[in-house]
Amino acid sequence: MKRVFAHIGFSFAITLIVLNFLKIEAAFVILAITGVAFAVSVFIRKTRNSLSVPLCMFMAVLACAVFISNYFCFFLPQKELDAKTVNVDFYIVDLEEKKNDAFVYTVKTSFIDKENMPQNIKLTVKSESKIEAAYYQNINGTVKLRLIAENGFDSYGSFGNGIFLSGKLLDYSVTDENVFSINKFFLNQRENIKSFVSSNIKSPESSVITALLIGDKSDLPNQINENFKYSGVSHIMAVSGLHLAIFCGAVSFLLRKLKIPRTAQMLITLLCVVIYMSLAGFSKSIFRAGIMMIMLLCGRLLNERSDSLNSLGMAVFIICLNPFAVTDAGALLTATSVLGILVINPLLVQLYRPKTWLAGYVYKTVCVSLSVFITTLPVICITFGYISLFGILLNIVMIPLAQAALISSFLMILFGKIHPLLFIFSRLCRLFASIMILITEKTAAIPYAVADVSENKIFLAIGAVFIFFGMAFLFYRKRLLKHTVLIAAAIFTIVIMLSDFIGYNNIYVKEINGYYTSSVVVYNKKNAVVIGVDDSLQYYSVSNMIKSKNLSVSMIVDINNSDYSKKLANKFGALNYVCDNENIKYLNNCSNFFSDDDFIVDLWPQLNVEYKSNAQNQYVHLQIYDTEFLCVKKYEDRNLYDNIICLNDKSDYDVVYTVNQNGFNQRRLNEWQR
């Protein structure tokens, strides 16, 4: 049987994906079913001789066992700490994140003052002030804990990182005790790199270079982050195979020039891979790329050719030893993107042979981008709800820019003590980063830059396409593959067109979460109503959404007298601007102003907006067809009404309601990409 590790890794991961969608009781049922299937496959000679079926069934059984044991050994004991306030000894194990005016730390506990509770656990802690402590320095604190989610997919990657709880730090004191860990050295080096880059390159270019180098996006401005997402090139700032390949290429080039023996070259490069993985924080993308690179280097040491699919399967299996890792969008995207490059890209490259070097580069880049787009499409649809229409072509320009910026940044760090070279390479870094920022800013501003793929009909279309391709690869025939491409393209096009036609009269209500509050955008094909934009995260999300859908702003309701609502009105113009007081200065791009306590208006067909304000409360009542929504600033008893959106609440996901004459349905869009 060929590609044993590919069978092992993918069957293990697919089983875990299914299990994470279901309740724990279903895991026992699947364990029994796969156990019987394994026994039957071993008993039947034909399947036993092929080995692939018994192996896949065995890995499914193993996946069930790993999932169940982790659920009962790690998740359930920590769930007992939900909603409890405890005294904790802990230490910081990762770089701090600053979110608005609060700090978020990833910590590990050494002692929790609760009987019969797990002690050494990992969690995130939110503090209103910066914790003045070194990495791995022991801290005594009082923390109010909460469970992040009930299952992996609702945790938005936290379970995949081994974190089931988050907490609010109420009080703390720093001790003189330190915990030994080699990771402390790498964390300090990450801090040094971050500080070195920011001291030699001005912001915001420095934040882009830091993200490219070590994957730290904590200082990346919201506007730039949103622009990269809407342009479809945010993968460039997730340290992965591209970055590792450039780093290893530079190391190998240097070792060859120094005439280091071949075996020593491989061993030194191997060590450098592990070091770079550590500096990048062992993210899922760099971990997958690192495992594949290590297997490639080991193969060269043994004079063996490594199989890329086998290497990917091995990397997937190792990552999935944490059964919740498959719920992390980064892990899913990195695995599916490499799968597209390995399986689909070779087929596309064979279709055409360019005659010039430039045409060859452009064609191969488009093929790689298209291959990645095809295999990552289901993950993108499930996790983000939209796709960039320019990302495939934009990679032609952005990938060389990222490569140039990375090489310049490596050289900047290497020759940091030689001031003339430091000056040259730092200016090159800034130049390449500024070009990337400019390109993504212009691309994100193009109308219809992204397409909404949150409809169930689109999921069905994608499912049909993958079923056809699965059948084609199962019964591998070149002619069948060509027919499959045509059929799949026709199905997808027809479904998209029908979906757009059927949903022409739909009205959408999107709840967008910021740092502490929610905002709401109501929109159809032409117009939008914006309610309560209070921070930069919401502002750039709403701004890019309006630009990408080419919407006219019919009304802005400024709930909290926010500067961001006024900034949005000045940027796009607003037919109506609503505020509960007369502080509407600096508004120069609005037609009508409302500062009354209440009003009712039919804004566009099938949309009625009612606004009320008094000393106790503010709310916006939306009547869309026969469905009502209540957007409130402050609300006590939520059981009195359906479809309540509390604007002062903070959630971990966005929600889109699709409303028409038949009622409404809702879909949660999670926060992985942030």
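Reading guide: rules and limits
Residues numbered from 1 in each chain as written. Predicted model: local features only at pLDDT ≥ 70, side-chain atom pairs only at ≥ 80, totals over all residues. Heavy atoms only, no water. Helix = DSSP H or I, 4+ residues; strand = E, 2+ residues; numbered from the N terminus. Expected span 1.5 Å × (residues − 1). Bend = angle between axes of the 7 residues up to and from the residue. Core = buried A, V, L, I, M, F, W, Y, C linked by side-chain atoms within 4.5 Å. Buried < 20%, exposed > 50% of the residue type's maximum accessible area, 1.4 Å probe, protein only. Contact = heavy atoms within 4.5 Å. Pairing = 2+ DSSP bridges. Axes fitted to C-alpha atoms, helices over the stretch in contact; angles between N-to-C directions. Parallel < 35°, antiparallel > 145°, perpendicular 65-115°, else oblique. Nonpolar A, V, L, I, M, F, W, Y, C, P; charged D, E, K, R; others polar. Phe/Tyr/Trp six-rings, centres within 6.5 Å; stacked < 30°, edge-to-face > 60°.

### Focus: helix α14 (residues 391–414)
Move 1: With 24 residues, α14 should cover 34 Å at 1.5 Å per step; its first-to-last C-alpha distance of 32 Å lies within 8% of that length.
Move 2: Of all the bends found along α14, the most pronounced is centred on Val397 and spans about 35 degrees, while Pro400, a proline, follows it within four residues.

### Observations concerning the nonpolar core
Move 1: One finds Phe12 and Leu16 to be the most contacted residues of the largest nonpolar core, which totals 60 residues.
Move 2: Sort the elements by how many residues they give to this core and helix α4 (residues 52–79) lands first, with nine residues.
Move 3: In contact with Leu16, not counting residues within four places along its chain, are Ala63, Phe67, Cys320, Pro323 and Val326.
Move 4: Counting residues in each nonpolar core, the second largest holds 50 residues, with Val197, Ile236, Val239 and Leu406 among its members.

### Quick word on the pairing of strand β10 (residues 518–523)
Move 1: In terms of residue burial, β10 counts as a mostly covered element, since six of its six residues are buried.
Move 2: Bridging between strand β9 (residues 507–513) and β10 involves six bridges; their strand directions are antiparallel. Each residue of the ladder has a partner; that of Glu511, found in β10, is Val520.
Move 3: Where β9 folds back onto β10 in an antiparallel hairpin, the turn is made up of four residues.
Move 4: Where β10 meets strand β11 (residues 527–531), four bridges bridge the pair, whose relative direction is antiparallel. Residue Val520 lies in a different strand from β11, and its bridge partner there is Ile531.
Move 5: In this antiparallel pair of consecutive strands, β10 and β11, the connection spans three residues.

### Quick word on the sheet that holds strand β18 (residues 627–632)
Remark on secondary structure: sheet strands pair via backbone hydrogen bonds, oriented parallel or antiparallel.
Move 1: With respect to topology, five strands assemble into an open sheet ordered β15-β16-β17-β18-β19, the strand pairing being mixed. The open sheet has two free edges, formed respectively by β15 (598–604) and β19 (644–646), since each of these has just one partner strand. Each adjacent strand pair in this sheet contributes to an overall mean axis angle of 15 degrees, direction not counted.
Move 2: Taken together, the six bridges between β15 and strand β16 (residues 607–613) define a ladder with antiparallel strand orientation. Bridging from a neighbouring strand, Asp598 pairs with Lys612 of β16.

### Re the packing of helix α6 (residues 205–214) against α14
Move 1: Interaxial distance between α6 and α14 falls to 10 Å at its minimum, and their mutual angle equals 85 degrees. Judged on the interaxial angle alone, α14 and α6 are roughly perpendicular. For the pair α6 and α14, contact is made by Ile209, Leu212 and Leu213 and by Ala402, Ala405, Leu406, Ser409, Phe410 and Ile413, respectively.
Move 2: Broken down by class, the residue content of the contact of α6 with α14 amounts to eight nonpolar, one polar and no charged.

### Some details on the packing of aromatic side chains
Pairs of aromatic rings are described using the distance from one ring centre to the other and the angle between the two planes.
Move 1: Counting across every chain of the model gives 24 aromatic pairs.
Move 2: The interplanar angle of 75 degrees and the centroid separation of 5.3 Å between the aromatic rings of Phe185 and Phe186 together place this pair among those described as edge-to-face.
Move 3: Between Phe415 and Phe425 the ring centres are 6.2 Å apart and the planes differ by 25 degrees, which places this aromatic pair in the stacked class. Of this pair, Phe415 sits in the loop between α14 and α15 (419–444) while Phe425 sits in helix α15, and the two are ten residues apart along the sequence.
Move 4: The class for Phe425 is buried, based on a relative accessible area of 14%.

### Observations regarding unusual backbone geometry
For residues besides glycine, phi is generally negative; the peptide bonds are generally trans as well.
Move 1: Pro204 follows Ser203 through a cis peptide bond whose omega is 5 degrees.
Move 2: Note on placement: Pro204 falls in the loop between α5 (182–200) and α6.
Move 3: Located in the positive-phi region is Asn550, a residue other than glycine, with phi close to 55 degrees.
Move 4: Relative to the elements of secondary structure, Asn550 occurs in the loop between α18 (536–549) and β12 (552–558).
Move 5: Judged by its relative accessible area of 42%, Asn550 falls in the partly exposed class.

Just geometry here; none of it tells us what the structure is for.
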